[in-house]
Amino acid sequence: MGTGRNIGRVLLLLVVGQPAEAFEPRLVEEEQPAPGFPDFLAVDGDSVWVTNRGRVEKWSPRGRQAAVPMPRPCGTMAIAASALWVADCNRRQVYRIGLATRRIEARINTGLADPRGETNVVAGAGSVWVASDPSGRIARIDPASNTVTAEVVVAPGTAFLAFGFGALWAVSSGERVLQKVDPALNRVVGRVALGQAPGFLAAGEGAVWVQEQGDGTVARVDPDRLEVTGRSKVAQSLAYGDIDTGGGAVWLRTTEDQTLVVIDPGSLAVRARLGRAAGSGAVRYTPAGVWTSAHDRPSISWWRPDPSPEPRDSTP
């Protein structure tokens, strides 16, 4: 999409520059049926990869483009070194799938910290990272050799990862802690206490953002001072769902009342609640729009900005 940069500015205007009641009509949901169990997402240019039952699929706003069979893809995926990296919960391996070939190019024996599927594969510092052992380990994969080159010791039960601000960030839900890992040292260099049942996280828009699922909040963590600088109250609880950042906003895939919540990273106000209740799924921001999945209503949605309608007049 050649207009991606301009549309990104439109999204920023819509999220930050408009009152919440004027925001919803300016994003248009284009929903496509996606039979099976469409769940986690990874952006690939103007398309997105989706985990599904027995396969990963590539989708664009125009429909499904490809499918690659694998036993049980699970958790968030990463794109690095011209490949998609995705965990398989049956074999407890990380698969490398070529973006151009759309074929499995390698299987790396890493183990998985949470083979139920609530886990993350992320990329950063020239490596691919996966929480690999429930006792508290993260495996570092070198894409040049497709081998594990280091293991990082972390808190027991660490399964949720993100990369940003030059560091790997790791959450243990049971220990209720966010850990900062220095990739130059392959060790934890700082910790932040969190609320109830912390889970998925994202690094961007000036902070690390963590879902505190048991409290229904999103915690904003300063990546340098390593302290919680505020919380956004979203609901009574945030069971599962997903989180991403971009375009001047925090994007939260919710599991109650609506599909998508938009949070202002400065004020921590909920600026919009979009869509209808759709069970669980994932969210990924792009400069051209936002992707969501809904595995309880087997579908994938492309939320595109619609700059044509005038904002609602909020004057009484």
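Since the structure is predicted, the reported quantities are computational estimates derived from the model, not experimental observations. (Residues numbered from 1 in each chain as written. Predicted model: local features only at pLDDT ≥ 70, side-chain atom pairs only at ≥ 80, totals over all residues. Heavy atoms only, no water.)

1. Re unusual backbone geometry
- For Ala81, which is not glycine, the phi torsion reads 55 degrees and is therefore positive.
- Of note, Ala81 is situated in the loop between strand E6 (73-80) and strand E7 (83-88).
- Although it is not a glycine, Ala197 sits at a positive phi angle of roughly 50 degrees.
- Relative to the elements of secondary structure, Ala197 occurs in the loop between strand E17 (187-193) and strand E18 (198-204). (Helix = DSSP H or I, 4+ residues; strand = E, 2+ residues; numbered from the N terminus.)

2. Looking at the sheet that holds E18
- In spatial order, the strands read E18-E19-E20-E21; together these four strands make up an open sheet with antiparallel pairing. Every interior strand has two partners, whereas the edge strands, E18 and strand E21 (227-233), have only one. On average, adjacent strands in this sheet sit at an angle of 25 degrees to one another, irrespective of strand direction. (Pairing = 2+ DSSP bridges. Axes fitted to C-alpha atoms, helices over the stretch in contact; angles between N-to-C directions.)

3. Topic: the pattern of salt bridges
- A complete count under the given rule lists 15 salt bridges for this structure.
- With its nearest N and O atoms 3.3 Å apart, the salt bridge here joins Asp44 to Lys58. Of this pair, Asp44 sits in strand E2 (residues 41-44) while Lys58 is found in strand E4 (residues 55-60), placing the two residues 14 residues apart along the sequence.
- Judged by its relative accessible area of 17%, Asp44 falls in the buried class.
- The buried category is assigned to Lys58, whose relative accessible area is 11%. (Salt bridge = Lys/Arg side-chain N within 4 Å of Asp/Glu carboxyl O. Buried < 20%, exposed > 50% of the residue type's maximum accessible area, 1.4 Å probe, protein only.)

4. Points about the side chain of Ser127
- Counting through the fold element by element, Ser127 comes out in strand E11 (residues 127-133).
- On the basis of relative accessibility, which here comes to 8%, the residue Ser127 falls in the buried class.

5. Quick look at the packing of aromatic side chains
- One pass over the structure, following the stated rule, counts four aromatic pairs.
- Between Trp291 and Trp302, the aromatic rings sit 4.9 Å apart at their centres with planes inclined by 45 degrees, giving tilted as the arrangement. Of the two residues, Trp291 is situated in strand E27 (residues 289-294) and Trp302 in strand E28 (residues 299-305); the sequence distance between them amounts to 11 residues.
- Three or more aromatic residues joined by ring pairs form one cluster here, namely Phe40, Phe160 and Phe200. (Phe/Tyr/Trp six-rings, centres within 6.5 Å; stacked < 30°, edge-to-face > 60°.)

6. Structural notes on the state of the cysteines
- For the coordinates displayed, the defined rule picks out one disulfide.
- Here Cys74 engages in a disulfide with Cys89; their sulfurs sit 2.1 Å apart. Here the S-S torsion is close to 95 degrees, and the disulfide linking Cys74 with Cys89 is therefore right-handed. Residue Cys74 is located in strand E6, and its partner Cys89 is located in the loop between E7 and strand E8 (93-98); the two are separated by 15 residues in the primary sequence. Here Cys74 and Cys89 have matching classes, each one buried. (Disulfide = S-S within 2.5 Å.)

7. Overview of the confidence of the model for the protein chain
- Here the protein chain shows a mean pLDDT of 91. Residues at 70 or above account for 89%.
- When the criterion is pLDDT under 50, residues 16-25 qualifies, and its contacts beyond four places in sequence or with other chains add up to 28 contacts.
- A low-confidence stretch, residues 312-316 (pLDDT under 50), is modelled with four contacts involving residues beyond four sequence positions or located in other chains. (pLDDT = per-residue confidence, 0-100. Contact = heavy atoms within 4.5 Å.)

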